[in-house]
Structure formats: structure tokens, C-alpha cells
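In case you want the letters, here they are:
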There are 2 protein chains.
Amino acid sequence: MPEKISMPDRIIGILGGMGPEATADFFREIIQLTPASRDQDHIPVLIYSNTRIPDRTAAILEGGEDPLPLLIDSAKVLERAGAGIITMPCNTAHLYVESLRRATAIPVLHMIDETVRELRSRYPELRSVGLLATTGTIRAGIYQSALGAAGIAAVVPEEPDQDRIMAVIRDIKADRNRDEARRSVKRICLGLAAQGAEAVILGCTELPLVLDTKRPPCPLLNPTRILAQAAVKWARGGAADD
Amino acid sequence: MPEKISMPDRIIGILGGMGPEATADFFREIIQLTPASRDQDHIPVLIYSNTRIPDRTAAILEGGEDPLPLLIDSAKVLERAGAGIITMPCNTAHLYVESLRRATAIPVLHMIDETVRELRSRYPELRSVGLLATTGTIRAGIYQSALGAAGIAAVVPEEPDQDRIMAVIRDIKADRNRDEARRSVKRICLGLAAQGAEAVILGCTELPLVLDTKRPPCPLLNPTRILAQAAVKWARGGAADD
């Protein structure tokens, strides 16, 4: 039996719904990463799965409705309800992290910075990493700037494969064609590895929902799990690297 | 592609953490029961996984700490945050539903009443049902009173099997011995069927986490899914049968 933990009174806030299944996956990662033998050993969590937040990629690429006002509104709901930190299991939404941080009084964990930190710690010699993400995340350079600052080059899929990744993300959100999605993601991972990527970042929270990480096609980084690790560390008394 | 739904602005509140994995399972049921082809088709959900709520069975059987104050506090957090209804994926906690209803201004769905309603609709001729639940749920008669009012007798496991069910629930909460737990639950289900139960209620939200409902040992009712159905129906414009 795992030893009892003295749990500080820290509530993790999850700004979710982008999409909801990715939010559930993130919540489950937090539960699984917490050593617990009974309910009361687990970390209190507040989740707002606000599915009304406008599409992030459409806002970045096509001037679609701005998601920032509802992101701020949702973060404030969590803050007022008692959350001590905000986590956001959506990579593309991290374009808005600095604005969110200015609008809230509690720290906002940064999934992209946490992932790059984990990448450097797990593979200190790595110089080139593959990036699977929405076209919004890629065009906005959300990962590339953090990777560049760490001296790591990002390898992204060429256009037909990037279009396929977007179709896969849409299919996962619509809960259809999961086997086909899995095969495509594996094939595109191997293509990035052939182009020199030493590992691949699953940089959209829908992608870990289909990829069997027990038999990865190449070394993979799952930002959903990495963010959950950072949140659990904070809840167990660590500082928020805000 | 499923047709687009016009989604009313109704937020489902989940008073969870009893245990957290059962809460995640309930959240996933809501997502899977919602016809959606993109994030924005999904129902907004607010979850408070308040793992600090004291153990319900210990309160009922051994005079342990009263969970009601934190249940009310958590329901009010959800209400203030904007939830339009409270759902509570914990059967034992339903002993406190009437007190919760008095303390909140929004409806509280009743998992046990919904389950008995579903039982009558799915098996109109049924007169005897097996009940797998915590010893707290069974001793407090939470299901038996609702079943009795519907003219249905409850068959519960005899003492050694009931003790085994409690051990199974503790094991699931501690995330250990799942295969063994699954075998025990199947064996005890078959025992209840041999005693005349025409179906079995999985009356603790931990139990559906281990039972493969694609190949059930006998007809099963999953109150987690039934409560999710009622919540989705409400969110899509239905009345809360409060």
C-alpha cells in the first residue's frame, strides 16, 4: 500500500472543453499520477469544460471569433470557485497564456514551456524534434519559439501530411475513424523521424487519445501528461513555474 | 456527420471526487452520450472533484465524520460558478440528496430514482433485482426504498460476498488488483442471478470501472450511465425530474 500523503489544500483548476475528451484525459492523468489508496488522498480539482470557447485554429488562421474573452471568463470562474492554479489542456490556446496571466490573480501553468523543459531533461543531447499540432499552433509558432530558445529545431509535417493531421484532429473530436487516425499519426511520426526528428511532440491534446503510447513508433512526448505532472507537483507543495 | 444541435445554455454541475476516477468516468459518459462533431456541440460542464468529502460509508456505519457540510459547500461552489443542475456520481452520497436539495437553489438529479425509472422502463415485468453497492448504501436502504415503491425486491449479497464487494471497491479506489476485482464482481453477479435476481444494479460508481459491460455476466444496470443520460437530456432542453 502506498504511504499516506499529507495533502496541502491546493485545488487544481482545469480550463477545459477544448475539446472535452482531452479535458477528461488530462483529469485522468492527474488521478493516475497521484499516489492514493483512498478518495481523500487525491487532489481536489475544479474543471470548467467550457465547450463554448470559439475554435482556436479558426481564430488564428481565418480571423474567426476571438477565444480570449471566454478563456478569461472561464479562468475567472475557476479562480472565484477556489482554484489555486490554472491548467489548460489545449496547446493552441497557449497563444493566449500571457493575456490570461495578466487577467487572473492565480498562476497559469504553461504546457508548452513544461514540455520543452521535460524534453531537455529527458533528452539533453536532442537537437531536432518533430511537432504534430494544429495548423494554428504551428503557424503561430507557439512551440517553435520555446524550442528555439532551448536550441532545438522543430520539424513539422509537409503540407499534405499537415492537412491529414488536421483531418485526424477533427475526426477525433467527432469520435470517428479512430483506427485510421492512429495509423496516420504513426505514419507521419515515422516520416518526421526519417527527416531527422529524434523524438516527436504530440502537440495537440486530441492526439494522445488515439496513440498507443505503450508501443510508440518513435520516442514521443505527451504534453497532456507533462502538464499533469507539473500540476500534481504544484498540488503537492511545489512552486508554480509561472 | 451528425446534424448540428442547437444547444441551450445549460451547464451540468458535477459534484464529484467520490472517488475521482468515478467522476472522470461519469464525465466521459456525458461526452460520449452527446452527439457532436466539434467541441462547440458539446455540453458545458462544471466539475468539483472535492476529494476532501469524508467517506460516506464510514459516516453511515461507524459514526465517521459527516460528509453533508462539504457536500453542501461543494454544491454551492458549483451553483455560484454557473451550474444549472447538480449531478452526484456517488450512490452512497444519495442518502443526503434531500438535505442538499434544501440547501441549493438549483435542481439535484437523483441517480437512484433515475435508475429505478430506467429499470422499470427497460424490464417492465421485472420483480427482483440484484444490488451491488457499498455496505453504507445497503444498510441505509437507499435503493431498497425506491425499488420497494416500484414493487421490486432487492437481492443483496450475503455477508462474506458483501465484505468482498467492499474490498473490491477499496481496491478499485486504490487502483490495484483490477482483474481480481472483475472476477469477484462477475462471480457475485452470477450468485445473485442464481438467487432469482433478473438483473443486477452496479450501485457503486467504482464498479463500472472494472466490469466489461460488453460481455456482462447477466443483465446489468449502470447508474453512472443512467445519470449521464438524464443530465444530457436536461442539458438539451428537458425538465429536471427533481
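Scoring rules and cut-offs
Residues numbered from 1 in each chain as written. Chains lettered and ligands numbered in written order. Predicted model: local features only at pLDDT ≥ 70, side-chain atom pairs only at ≥ 80, totals over all residues. Heavy atoms only, no water. Helix = DSSP H or I, 4+ residues; strand = E, 2+ residues; numbered from the N terminus. Rg over C-alpha atoms; globule rule 2.2 N^0.38 Å. Buried < 20%, exposed > 50% of the residue type's maximum accessible area, 1.4 Å probe, protein only. Contact = heavy atoms within 4.5 Å. Areas by Shrake-Rupley, 256 points an atom, 1.4 Å probe, with all protein chains shown as cover. Least-squares fit on C-alpha atoms with pLDDT ≥ 70 in both. Core = buried A, V, L, I, M, F, W, Y, C linked by side-chain atoms within 4.5 Å. Pairing = 2+ DSSP bridges. Axes fitted to C-alpha atoms, helices over the stretch in contact; angles between N-to-C directions. Salt bridge = Lys/Arg side-chain N within 4 Å of Asp/Glu carboxyl O. Buried area = accessible area lost by both parts, 1.4 Å probe. Nonpolar A, V, L, I, M, F, W, Y, C, P; charged D, E, K, R; others polar.

> Honestly, the overall build of chain A in this entry has me stumped. Any pointers?
Counting its secondary structure elements, chain A contains 10 helices and seven strands. Over its C-alpha trace chain A gives a radius of gyration of 17 Å, about what one expects of a compact globule, namely 18 Å for 242 residues. Along the three orthogonal principal directions, the C-alpha set of chain A runs to about 50 × 45 × 35 Å. Of all 242 residues assigned to chain A, the portion counted as buried reaches 60%. Considering only contacts in chain A between residues 6 or more positions apart, those separated by 24 or more positions represent 74%. A total of about 9,500 Å² of accessible surface is found on chain A, and carbon and sulfur atoms cover 47% of it.

> Is there a simple way to explain the relation of the copies chain B and chain A in this structure?
In this arrangement, two copies of a chain are superimposed by a rotation about an axis accompanied by a shift along the axis. Each copy of the sequence occupies a distinct position, and chain B is placed on chain A by a rotation of 180 degrees and an axial shift of 0.0 Å, giving an RMSD of 0.0 Å. What the rotation and shift describe, once combined, is the action of a two-fold rotation axis. When C-alpha positions in chain B are compared against the rotation axis, the closest is assigned to I47 of chain B, at 2.4 Å. A share of 97% of the interface residues of chain B reappears at the interface of chain A, consistent with the copies meeting face to face through the same patch.

> Whenever I open this one, the nonpolar core confuses me. Can you help?
The nonpolar side chains of a soluble globular protein tend to be buried, and buried together. Grouped together as the largest cluster of nonpolar side chains are 76 residues, with contacts concentrated most on I12 of chain A together with I12 of chain B. Setting aside its immediate chain neighbours within four residues, I12 of chain B contacts I30, I43, P44, V45, L46, I85, T87, A231, V232, W234 and A235 of chain B. In this structure, Y96 and V108 of chain A together with A59 and A93 of chain B belong to the second largest nonpolar core, which totals 47 residues.

> How do you make sense of the sheet that holds strand β7 (residues 220-221) of chain B when you look at a structure like this?
Pairing between the strands of a sheet comes from backbone hydrogen bonds, and it takes one of two forms, parallel or antiparallel. Residue and element names in this part refer to chain B. The four strands lie next to each other as β5-β4-β6-β7, forming an open sheet whose pairing is parallel. The strands lining the two open edges of the sheet, one partner per strand, are β5 (153-155) and β7. Here strand β6 (residues 199-202) pairs with β7 via two bridges, running parallel. Each bridged residue has a counterpart across the sheet, and for I201 the counterpart in β7 is L221.

> What is the right way to read the sheet that holds strand β2 (residues 45-49) of chain B from this model?
Sheet architecture is open: six strands sit in the order β3(A)-β1(A)-β2(A)-β2(B)-β1(B)-β3(B), paired in mixed fashion. Either end of the sheet is taken by a strand with one partner, and the two such strands are β3 (85-87) of chain A together with β3 (85-87) of chain B. Ignoring strand direction, the axes of neighbouring strands in this sheet form an average angle of 20 degrees. Bridge count for strand β2 (residues 45-49) of chain A against β2 of chain B is five bridges, and the pairing is antiparallel. If you follow S49 of chain A over to β2 of chain B, its bridge partner there is V45 of chain B. Taken strand by strand, helix α1 (residues 20-33) of chain A contacts β1 (12-16), β2 and β3 of chain A together with β2 of chain B, and its axis lies near 160 degrees from that of β1 of chain A.

> How should I be thinking about the pattern of salt bridges in this particular structure?
Opposite charge on two side chains lets them pair, provided their charged atoms get close. According to the stated counting rule, one finds 30 salt bridges over all chains in the structure shown. D39 of chain B is paired through a salt bridge with R56 of chain A; the nearest N and O atoms lie 2.9 Å apart. Note that D39 of chain B is positioned in the loop between α1 (20-33) and β2 and R56 of chain A in helix α2 (residues 56-62), a pairing that runs across two chains. In terms of burial, D39 of chain B and R56 of chain A fall into one category: buried. It is possible to trace a salt-bridge network through shared partners that takes in E21, D175 and R178 of chain A together with R28 of chain B.

> What is the right way to read the interface of chain B and chain A from this model?
Taken together, the 39 residues of chain B in the interface contact 38 residues of chain A. Summing the contributions of chain B and of chain A, the shared interface buries around 3,200 Å²; its carbon and sulfur component is 52%. At the boundary of chain B and chain A, one finds six salt bridges. Of all the secondary-structure elements, those providing two or more residues to the side of chain B that touches chain A are α1, β2, α3 (68-81) and α8 (159-173) of chain B. Per-element accounting of the side of chain B that touches chain A gives the leading share, eight residues, to α1 of chain B. Its residues placed into classes, the side of chain B that touches chain A shows 19 nonpolar, eight polar and 12 charged.

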